[in-house]
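# Structure assessment
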Amino acid sequence: MNEADITQLWVYLSAKPLTGLTITLVAYAIGFWLYQKSDRNPICNPVVIAIALIALLLKVTGTPYATYFEGAQFVHFLLGPATVALAVPLFRQTETLKRALPVIAFGVLFGSLVASASTVILAWALGASPETLASLAPKSVTTPVAMGIAENIGGVPALTAVCVIATGIVGATLGPMVMNMVRLKDWRARGFAMGVASHGIGTARAFQVNETAGAFSGLAMGLNTLATALTIPFLWHWIFG
C-alpha cells in the first residue's frame, strides 16, 4: 500500500462518525496501558497521553477537529451520566458526610475563593489583560459552568475551556505528589482537595486511587461548582464594576 492509498483510506475513514469514537477509545487505552506500566505514576496521566496522541494524529492527517468530534461526541455525551453516577459512592459515605458537614462547607467556600483569587492575582502581576483575568477566574470548575461564568464577567469562553482542561490535567498529575510531600494521608481530605482544585479530571484520578477519595472528590467538585457560580460573578462585578 503506497502513500496515496493510505491517504485515500484515511479520507474515507475520517468521514465516518465512529472513527472519532474509535480513535478516542484507542488513545485512552494506550494512555491507560502506559499508566499501568509506569506503576500508576501520576506523570503518566492517561488523559494527558490520550490528548497528545489525538492532537498529533489530527495534526499529521490535517483532520478538522469538528470532523473528529462528530464521532467523539458519543463519549462526550457519557460525561453527564458519569457525573450523576458519582452519587452512588457518595451515598455510601452519607454518615461520614453528615459528621463533616461544617468542615466541608468551609473548605469548599475557602477553596473556591483561593483557587480563583490566586490565579487572578498572579496573572494580573504578570500583566494579563482584564479579559484574560476574567477568563482565568473560573478555571477550577467543570467546563460548561466555567465558560458560562467567564462569559458573564467579560471573559473569553474558549480560553476558559482551555484553562479548565489544563487545570484538571495539572491537578490530577501533580496533586497526589504534592499531598504525599505534605504527608496528607486521610483519603477524605485528599479526595476533597482534588475535587476542589481539579474538578472532573481530578475526580477520575481520585477514583483510580481510592473509592472514598473519589466520593469526596465528586462531592467537592459539585459544591465547588455551585460556590464558584454564586460567588465569582458577584465579587467580580462588585470589585471591577
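This text follows the structure it describes.
Chains are numbered independently. Their residues run from 1 in the order of the written sequence. With pLDDT at 70 or above as the cut-off, local features in this predicted model cover only qualifying residues; side-chain atom pairs require 80 or more to be listed or tallied, and sums for whole chains, interfaces and linings still use all residues. Hydrogens are left out, water is left out, and the side-chain values use all remaining heavy atoms of the structure.

### A short note on the packing of aromatic side chains
- The rule is short: rings of Phe, Tyr and Trp, with Trp giving its six-membered ring, pair when the centres are within 6.5 Å, and they are stacked under 30 degrees, edge-to-face over 60, tilted in between. Using the criterion set out here, one finds 4 aromatic pairs in the structure.
- Where Tyr 28 meets Phe 32, the ring centres are 6.2 Å apart and the plane angle is 15°; that geometry is what we call stacked. Of this pair, Tyr 28 and Phe 32 are both found in helix H2 (residues 17-37), 4 residues apart, which corresponds to roughly one turn of the helix.
- Only protein chains enter the area calculation, which uses a 1.4 Å probe; residues under 20% of their type maximum are buried, those over 50% are exposed, and those in between are partly exposed. Given the relative accessible area of 35%, Tyr 28 is considered partly exposed. In this text, helices come from DSSP runs of H or I with a minimum length of four residues, and strands from runs of E with a minimum of two, each type numbered from the N-terminal end.

### A look at the nonpolar core
- Counting residues in hydrophobic clusters, the biggest one holds 14 residues, and the most contacted among them are Val 120, Leu 133, Ala 137, Ile 149, Ile 153, Ile 232 and Trp 236.
- Sorting the residues of this core by element identifies helix H8 (101-125), helix H9 (130-136), helix H10 (143-152), helix H11 (157-181) and helix H13 (211-240) as the ones contributing at least two each.
- Among the elements that make up this core, the one with the highest residue count is H9 (3 residues).
- Contact definition: two residues touch when any of their heavy atoms are within 4.5 Å. Those residues in contact with Ile 232 that sit more than four places away from it in its chain are Ser 116, Ala 137, Ile 149 and Ile 153. Working definition of a nonpolar core: buried Ala, Val, Leu, Ile, Met, Phe, Trp, Tyr and Cys residues. They are joined through side-chain atoms within 4.5 Å.

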